[in-house]
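Residues per chain are reported as follows:
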Amino acid sequence: MENKQKNKGTNPCPPNTPPNSKHEPYAYWPTTSKTTPTQASTRTCRNIGERLGIGPETLRKWHKQAQIDAGSTPGTTTDMAAENRRLRKENAELKRTNEILRTASA
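The text that follows walks through the structure, step by step, so that each part is easy to find. (Residues numbered from 1 in each chain as written. Predicted model: local features only at pLDDT ≥ 70, side-chain atom pairs only at ≥ 80, totals over all residues. Heavy atoms only, no water.)

Things to note about the overall build of the chain
Scanning the chain from terminus to terminus reveals five helices and zero strands. If you list the helices and strands of the chain from N to C, you get α-α-α-α-α. Looking at the 106 residues of the chain, the share that counts as buried comes to 17%. In the chain, the share of contacts with a sequence separation of at least 24, taken over all contacts with a separation of at least 6, comes to 46%. With the model as given, the accessible surface of the chain reaches about 8600 Å², and the carbon-plus-sulfur share is 52%. (Helix = DSSP H or I, 4+ residues; strand = E, 2+ residues; numbered from the N terminus. Buried < 20%, exposed > 50% of the residue type's maximum accessible area, 1.4 Å probe, protein only. Contact = heavy atoms within 4.5 Å. Areas by Shrake-Rupley, 256 points an atom, 1.4 Å probe, with all protein chains shown as cover.)

Some thoughts on the pattern of salt bridges
Between side chains of opposite charge, a pair can form when the charged atoms approach closely. Across all of its chains, the model carries five salt bridges by this definition. Ionic pairing is found between glutamate 57 and arginine 60, a salt bridge with its closest N-O pair at 2.7 Å. One end of the pair is glutamate 57 and the other is arginine 60, both in helix α4 (residues 56-70) and three residues apart, which spans about a single turn. The shortest N-O distance in the salt bridge between arginine 96 and glutamate 93 comes to 2.8 Å. On the criterion of helical spacing, the pair formed by arginine 96 and glutamate 93 is a turn pair, its members being three residues apart in helix α5 (residues 78-105). (Salt bridge = Lys/Arg side-chain N within 4 Å of Asp/Glu carboxyl O.)

Quick look at the nonpolar core
Residues Cys45, Ile48, Ile54, Leu59 and Trp62 constitute the largest nonpolar core, which totals five residues. For this core, the elements supplying multiple residues, two or more each, are α3 (42-52) and α4. (Core = buried A, V, L, I, M, F, W, Y, C linked by side-chain atoms within 4.5 Å.)

Focus: the environment of proline 56
Examined against the element boundaries, proline 56 turns out to sit in helix α4. Look at proline 56 and you get partly exposed, because its relative accessible area is 36%. It is 7.1 Å that separates the C-alpha atoms of proline 56 and threonine 42, two residues lying 14 residues apart in sequence. For proline 56, the residues in contact, after removing those within four places along its chain, are Cys45 and Arg46.

In C-alpha coordinates, the structure reads:
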(Lines give C-alpha, C1' and ligand atoms only; values in the text may rest on other atoms or scores of the structure.)
Protein backbone atom coordinates (compact mmCIF):
# COMPACT_ATOMS: atom_id res chain seq x y z
CA MET A 1 0.00 0.00 0.00
CA GLU A 2 2.88 2.37 0.68
CA ASN A 3 4.15 1.92 -2.88
CA LYS A 4 0.82 3.08 -4.31
CA GLN A 5 0.94 6.26 -2.23
CA LYS A 6 4.51 7.00 -3.33
CA ASN A 7 3.58 6.61 -7.02
CA LYS A 8 0.36 8.65 -6.86
CA GLY A 9 2.00 11.97 -7.66
CA THR A 10 3.73 14.81 -5.95
CA ASN A 11 0.90 17.26 -5.29
CA PRO A 12 2.13 19.06 -2.15
CA CYS A 13 -1.30 20.46 -1.34
CA PRO A 14 -3.57 18.28 0.80
CA PRO A 15 -6.99 17.59 -0.75
CA ASN A 16 -8.96 19.31 2.03
CA THR A 17 -7.09 22.59 2.21
CA PRO A 18 -8.81 25.12 4.48
CA PRO A 19 -10.72 27.79 2.51
CA ASN A 20 -8.63 30.65 3.91
CA SER A 21 -5.51 29.02 2.44
CA LYS A 22 -7.09 29.25 -1.00
CA HIS A 23 -7.24 33.06 -0.76
CA GLU A 24 -3.59 33.54 0.19
CA PRO A 25 -2.19 33.05 -3.34
CA TYR A 26 -4.20 36.02 -4.66
CA ALA A 27 -1.96 38.36 -2.69
CA TYR A 28 0.87 37.22 -4.96
CA TRP A 29 -1.11 37.15 -8.22
CA PRO A 30 0.02 40.00 -10.49
CA THR A 31 -2.68 42.67 -10.74
CA THR A 32 -1.32 43.80 -14.09
CA SER A 33 -1.54 40.31 -15.52
CA LYS A 34 -3.68 40.15 -18.64
CA THR A 35 -4.33 36.46 -18.22
CA THR A 36 -7.81 35.09 -17.75
CA PRO A 37 -8.43 32.03 -15.57
CA THR A 38 -8.15 29.70 -18.56
CA GLN A 39 -4.99 31.44 -19.72
CA ALA A 40 -3.38 31.63 -16.29
CA SER A 41 0.33 31.68 -16.83
CA THR A 42 2.06 28.44 -16.01
CA ARG A 43 5.06 30.47 -14.94
CA THR A 44 2.96 32.63 -12.59
CA CYS A 45 1.30 29.57 -11.05
CA ARG A 46 4.66 27.85 -10.68
CA ASN A 47 6.31 30.88 -9.04
CA ILE A 48 3.47 31.46 -6.58
CA GLY A 49 3.21 27.75 -5.89
CA GLU A 50 6.90 27.52 -5.04
CA ARG A 51 6.53 30.36 -2.54
CA LEU A 52 3.53 28.77 -0.84
CA GLY A 53 4.27 25.07 -1.31
CA ILE A 54 1.20 24.53 -3.52
CA GLY A 55 1.15 22.80 -6.89
CA PRO A 56 0.77 25.08 -9.94
CA GLU A 57 -2.20 23.15 -11.33
CA THR A 58 -3.96 23.46 -7.98
CA LEU A 59 -3.44 27.24 -8.07
CA ARG A 60 -4.74 27.46 -11.62
CA LYS A 61 -7.89 25.54 -10.66
CA TRP A 62 -8.45 27.69 -7.56
CA HIS A 63 -8.05 30.85 -9.62
CA LYS A 64 -10.47 29.61 -12.26
CA GLN A 65 -13.05 28.58 -9.63
CA ALA A 66 -12.74 31.95 -7.88
CA GLN A 67 -13.51 33.68 -11.17
CA ILE A 68 -16.55 31.42 -11.71
CA ASP A 69 -17.78 32.06 -8.16
CA ALA A 70 -17.36 35.82 -8.69
CA GLY A 71 -19.53 35.60 -11.82
CA SER A 72 -16.92 36.86 -14.25
CA THR A 73 -16.54 33.47 -15.96
CA PRO A 74 -19.33 31.07 -16.91
CA GLY A 75 -19.38 27.74 -15.11
CA THR A 76 -20.75 25.87 -12.11
CA THR A 77 -20.26 27.79 -8.89
CA THR A 78 -19.04 26.12 -5.73
CA ASP A 79 -22.46 26.56 -4.09
CA MET A 80 -24.26 25.06 -7.08
CA ALA A 81 -21.88 22.08 -7.16
CA ALA A 82 -22.51 21.46 -3.43
CA GLU A 83 -26.28 21.66 -3.99
CA ASN A 84 -26.01 19.21 -6.92
CA ARG A 85 -24.06 16.75 -4.75
CA ARG A 86 -26.64 17.05 -1.97
CA LEU A 87 -29.52 16.46 -4.38
CA ARG A 88 -27.82 13.46 -6.00
CA LYS A 89 -27.27 11.93 -2.58
CA GLU A 90 -30.89 12.59 -1.57
CA ASN A 91 -32.13 11.13 -4.86
CA ALA A 92 -30.07 7.95 -4.37
CA GLU A 93 -31.44 7.57 -0.83
CA LEU A 94 -35.02 7.97 -2.08
CA LYS A 95 -34.43 5.36 -4.78
CA ARG A 96 -33.09 2.92 -2.18
CA THR A 97 -36.13 3.60 0.03
CA ASN A 98 -38.53 3.05 -2.87
CA GLU A 99 -36.83 -0.22 -3.76
CA ILE A 100 -37.12 -1.43 -0.16
CA LEU A 101 -40.82 -0.50 -0.09
CA ARG A 102 -41.46 -2.25 -3.42
CA THR A 103 -39.74 -5.39 -2.19
CA ALA A 104 -41.64 -5.32 1.12
CA SER A 105 -45.04 -4.88 -0.56
CA ALA A 106 -44.51 -7.71 -3.08
